[in-house]
Amino acid sequence: GGKNSAWDYGGRGDITVNADSQKLGWWPGGFANLEIEGNFSSSVNRNTGALMPVNTSQLFPEPGSDNFNVSALNFAQFLSHYFGVTVGKYATITPTSGDMNEFAHGKGDTQFMNAAFNFNPAILVTVPYSTLGAGAILLPTADPKQAIVTFFVLQTNGSSETSGFNDLDANKLTFAGEGRVKTDFFGLTGHQLAGATYSNKTFTSLDQSLRFIIENRAIEQKDRSWSVYYNFDQYFYEPNKGSGQGVGVFGRFGTSDGNPNPIHYYYSLGVGGKGIFPGRPIDRFGLGYYYVKVSNINLQGVLLDPRLLDATFLRNEYGFEAFYDIALTPWMQLTPDIQVIRPAQKNVITIIPPSRQSIDTATVVGVRLQMQF
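If you're wondering where the values come from, they're calculated on a predicted model, not measured in any experiment. (Residues numbered from 1 in each chain as written. Predicted model: local features only at pLDDT ≥ 70, side-chain atom pairs only at ≥ 80, totals over all residues. Heavy atoms only, no water.)

K.L.:
When you look at the pattern of salt bridges in this model, what are you seeing that I'm missing?
P.N.:
If the charged atoms of two oppositely charged side chains come close together, the side chains can form a pair. According to the stated counting rule, one finds 10 salt bridges in the structure shown. Between E37 and R12 there is a salt bridge, with the nearest N and O atoms lying 2.6 Å from each other. Of this pair, E37 sits in strand β2 (residues 30–41) while R12 sits in strand β1 (residues 10–20), and the two are 25 residues apart along the sequence. Residue class for R12 comes out partly exposed when judged on its relative accessible area of 21%. Put simply, R12, D14, E35, E37, K107 and D109 are held in one network by salt bridges that share partners. (Salt bridge = Lys/Arg side-chain N within 4 Å of Asp/Glu carboxyl O. Helix = DSSP H or I, 4+ residues; strand = E, 2+ residues; numbered from the N terminus. Buried < 20%, exposed > 50% of the residue type's maximum accessible area, 1.4 Å probe, protein only.)

Below you can see the structure in the form of structure tokens.
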């Protein structure tokens, strides 16, 4: 299904170094983070016609080509048990970074493969994956596992391929704030998270008028973009509280301005678990559904051929995914995975010669092997 039937494979390597200044025998409260990543070969992401990549791991550090880059190099200093500051280059999607969720989070290496379940796509226009920035960290209870509040100022146009220092005077900034708190509903572990982003960058507008392009000899622009997001996770079966084992539910919701952001709003819901079978303490599983309401993209007046004027370029997207992560050893996991996606791209449109080809529902069957050292 999708745009093309295909068999593709790829891989990603990730080296992460975390340093604690106090454990090194220096001063207390200092933490450094370095992350170097590379990916190779290809994936079926471009063949589905979906807005949401079905193989998240092939997005990092840069999607679409073989690459090897420094994604993160940053430093944090806590001035007390409750407050710290941080500066440097950040990989904004990591196992311990923003939009955390117990059952659906990360880079597609340990839980869901589809990007729609690993992070909130409504924030992607304003928050690049690898970028320079500075921030403040507040720990209301002095325990980051209980509650954490962060505020960051980031470069909106950051990239893992550049240092970012040559563009510091561009005034393209994103302001991002988030809070996460641990809950104890029904005596079971859960979390509630909410956040918002705002960027002052000038983006390309999704609503293009041919008259504007001819009269101004330029593509129409749109100033600023914002997003608001929320997620939760909640165990409903937890034999040993705090162990990370059991079964629970999760959900995400995000909304944006809708222009220049192509995702007007989004939500996902699902069930996840770990260690539910005797003798299999670190096996994981997940089952989820997502829905993306796309922004209205006006192609009329840009597509000149009357046979294309009624062509709907994008439609709302939804999909399902199920996986089971089999621990072959404590350091090697094998994950069969299946996805069924009704992609956002409805048609493949060509101008010369004028044509329109419908895109079918995509079924994606995959397997992932991860080794940890």
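Additional details are given in the paragraphs that follow.
K.L.:
Explanation requested: the pairing of β2 in the structure shown.
P.N.:
On a regular strand, one side chain projects to one face of the sheet and the next to the other, so that they alternate. Relative to β2, β1 runs antiparallel, the two sharing 11 bridges. Residue pairing across strands places D20 opposite F31, the latter belonging to β2. Taken together, the 10 bridges between β2 and strand β3 (residues 67–78) define a ladder with antiparallel strand orientation. When the sheet's bridge partners are listed, F31 is paired in β3 with A76. (Pairing = 2+ DSSP bridges.)

K.L.:
Teacher, can you tell me more about the side chain of T92 here?
P.N.:
One can find T92 in the loop between β4 (83–91) and α1 (115–118). A polar side-chain atom of T92 sits 2.9 Å from the main-chain carbonyl oxygen of P128. (Polar contact = N/O pair within 3.5 Å; in protein donor to acceptor, adjacent residues only side chain to side chain.)

K.L.:
Can you help me understand the pairing of β4 in this one?
P.N.:
Note that β3 and β4 share 6 bridges and pair antiparallel. Paired with F78 across the two strands is G84, which belongs to β4. Where β3 folds back on β4, the antiparallel hairpin that results is connected by 4 residues. Here β4 runs beside strand β5 (residues 130–138); their pairing, made up of 9 bridges, is antiparallel. Each residue of the ladder has a partner; that of G88, found in β5, is G133.

K.L.:
How do you make sense of the nonpolar core when you look at a structure like this?
P.N.:
It is characteristic of soluble globular proteins that their nonpolar side chains tend to be buried jointly. Ranked by internal contacts, the top residues of the largest apolar core, which has 22 residues, are M52, F112, F117, F250, Y266, Y290 and V292. Elements with a contribution of two residues or more to this core: α1, β11 (263–274) and β12 (284–294). Looking at this core, the element that brings in the most residues is β12, giving 3 residues. The residues contacting Y290, other than those within four sequence positions of it, are M52, N114, A116, F117, Y266, Y267, S268, E317, Y318, G319 and I341. Formed by 8 residues, the second largest nonpolar core is a distinct cluster that contains L59, A72, I93 and Y129. (Core = buried A, V, L, I, M, F, W, Y, C linked by side-chain atoms within 4.5 Å. Contact = heavy atoms within 4.5 Å.)

K.L.:
How should the environment of T197 be read in this particular structure?
P.N.:
Mapped onto the elements of the fold, T197 is located in strand β8 (residues 190–204). Separated by 70 residues in sequence, T197 and V127 have C-alpha atoms that sit 7.7 Å apart. In this structure, T197 is in contact with I123, T126, V127, T174, F175, A176, S225, W226, S227 and Y229, ignoring residues within four places of it in sequence. Side chain to side chain, T197 and T126 meet in a polar contact 2.7 Å long. Separated by 2.5 Å, the side chains of T197 and S227 make a polar contact.

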